[in-house]
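Remarks on the overall topology
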Amino acid sequence: MGKLIGRFIIIGGVGAVVVGIIFMLAVGQPQPQRANAAPRPVAVFVEEAQRNTVALTVRSQGEARPRTQINLVPQVAGRITFVNPDFIEGGFFEAGETLIQIEDADYRLAVTRAAAQVAQAEQALAREQAESDLAASEWAQLGEGEASALTLREPQLAEARAQLAAANAALQSARLDLQRTRVSAPFSGRVRTKNADLGQYVAPGTNLGEVFSTDTVMVRLPLTDNDLALLGIPVAYNAALAEDGGVPVTLSATIAGRHQEWAGRITRTDSAIDPQTRVLYAIAEVEDPYGAAAQGGSPLAIGLFVDAEIQGREIDGAYIIPRNALRGEGSVYVVEEGGTLSVRSVEIIDSNPDRVVLAGGVRGGELVVTSPIRGASDGMRVQTFDDEGEMMASFSATYDDAPDATESAENDEANADGNAVSSAG
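Being a predicted model, the structure only gives us computed values, none of them experimental.

On to the layout of surface pockets, then. In this structure, the largest pocket spans a volume of roughly 180 Å³. Along its surface, the largest pocket is lined by Leu72, Val73, Pro74, Gln75, Gln179, Arg180, Arg182, Val183 and Ser184. Across the lining of the largest pocket, the residue classes tally to four nonpolar, three polar and two charged.

Before going further, it helps to examine the packing of aromatic side chains. Within the structure shown, the criterion is met by three aromatic pairs. Ring plane angle 40° and centroid distance 6.0 Å describe the contact between Phe45 and Phe385, whose orientation is recorded as tilted. Remark: Phe385 occurs in strand S22 (residues 382-385) and Phe45 occurs in strand S1 (residues 42-48); sequence separation between them is 340 residues. Note on Phe45: relative accessible area 38%, which makes it partly exposed. Considering the side-chain rings of Phe93 and Phe187, the 6.3 Å spacing of their centres and the 45° angle between planes classify their relative orientation as tilted. Here Phe93, found in strand S5 (residues 92-93), pairs with Phe187, found in the loop between strand S7 (182-183) and strand S8 (189-194); they are 94 residues apart in sequence, far enough to count as distant. Judged by relative accessible area, which is 12%, Phe187 ranks as buried. When the ring centre of Tyr281 is taken as origin, the NZ or CZ atom of Arg220, which lies over that ring, is 4.1 Å away.

Rules behind the numbers
Residues numbered from 1 in each chain as written. Predicted model: local features only at pLDDT ≥ 70, side-chain atom pairs only at ≥ 80, totals over all residues. Heavy atoms only, no water. 1 Å grid on protein atoms, 1.4 Å probe; cavity = no way out; pocket = protein on both sides within 12 Å on 5 of 7 lines; lining within 4 Å. Points joined across faces, edges and corners; volume = space filled by probe spheres on them. Nonpolar A, V, L, I, M, F, W, Y, C, P; charged D, E, K, R; others polar. Phe/Tyr/Trp six-rings, centres within 6.5 Å; stacked < 30°, edge-to-face > 60°. Helix = DSSP H or I, 4+ residues; strand = E, 2+ residues; numbered from the N terminus. Buried < 20%, exposed > 50% of the residue type's maximum accessible area, 1.4 Å probe, protein only. Lys NZ or Arg CZ within 6 Å of the ring centre and 35° of its normal.

See below:
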């Protein structure tokens, strides 16, 4: 029994020592420092909003096409006896130049026969004219009253005249057929495809090849309703009626690794809106694409897909900001003097990957934020840096602008203790 009591005493003493050690550690542990709860200013990069006259632009794309393109076909039948060396894919030719010659021997004979028939008809007419004059003279000497048309041989004379007219028509037809053995195009251009060659027999309507003119190249550019508003042109636009010479447009493409540009003009719009895409196509034309318009020796080739930048209307007093300053669909962050943030709603006129044109919401010279910000709100404290990384002191908040949170917390505790003592008293 005595041993059991001794064990309890030992265990109790050890427990008391452990409790004492824990109490001493808890009392002697330093109190944690209170962190400064004041929000730290956020670093932002800014650029100035510019106020200026802005020329709006519209961007579109399209394919270069010839204004005139035809299938070359003969009007007469025969064997091909000559092919122009330039009548080959990619070949150039002049207006009226012979591209294909069809054997013309039969057609020359036809002209000779028709000319002989004309000569015969002329002789027959001369004979009938003489006989008619003789009949009229005899009637004047021997006849009484008015002579009939048959007596004066007027029907025979009319028939002879008709025969001569028919012979002349046949001669003209034979000459036309002879001329048509020479196949040419009524414009200067290039050969796109060639479907016939030397020695081949062709009939009227046979497709000899496809050619196109090189005087003008057209590009159909799709425009939305907003694009039309930026350009300031009506739906039924025609440069000839507008008397403005057409809206300037710059076409560009990369050829053989080099950027090429061609200057053209919008001359008209399509007669109807495309029912599938709901856009209206404008027609851009480039004059002399293989000559004067060929910048750097690179022509605007048919079939080339090009980018188009169309010059739109000018706006006076518009505000211009960088594209990365626009937040969402219509908000901008502006830094006020002293380093506070102002969230503005803006009215957008136009935008592209580089800039945004605004009608209002900011003023010229104001600083718009171009760097990302999380949780932005009105009155948010910021430190402002220009595009070169220099801090703008007058537009930056400092850490001393807000009261120290530790001092504020200690004052609150002291006030709380004082109130407690007063209540107890």
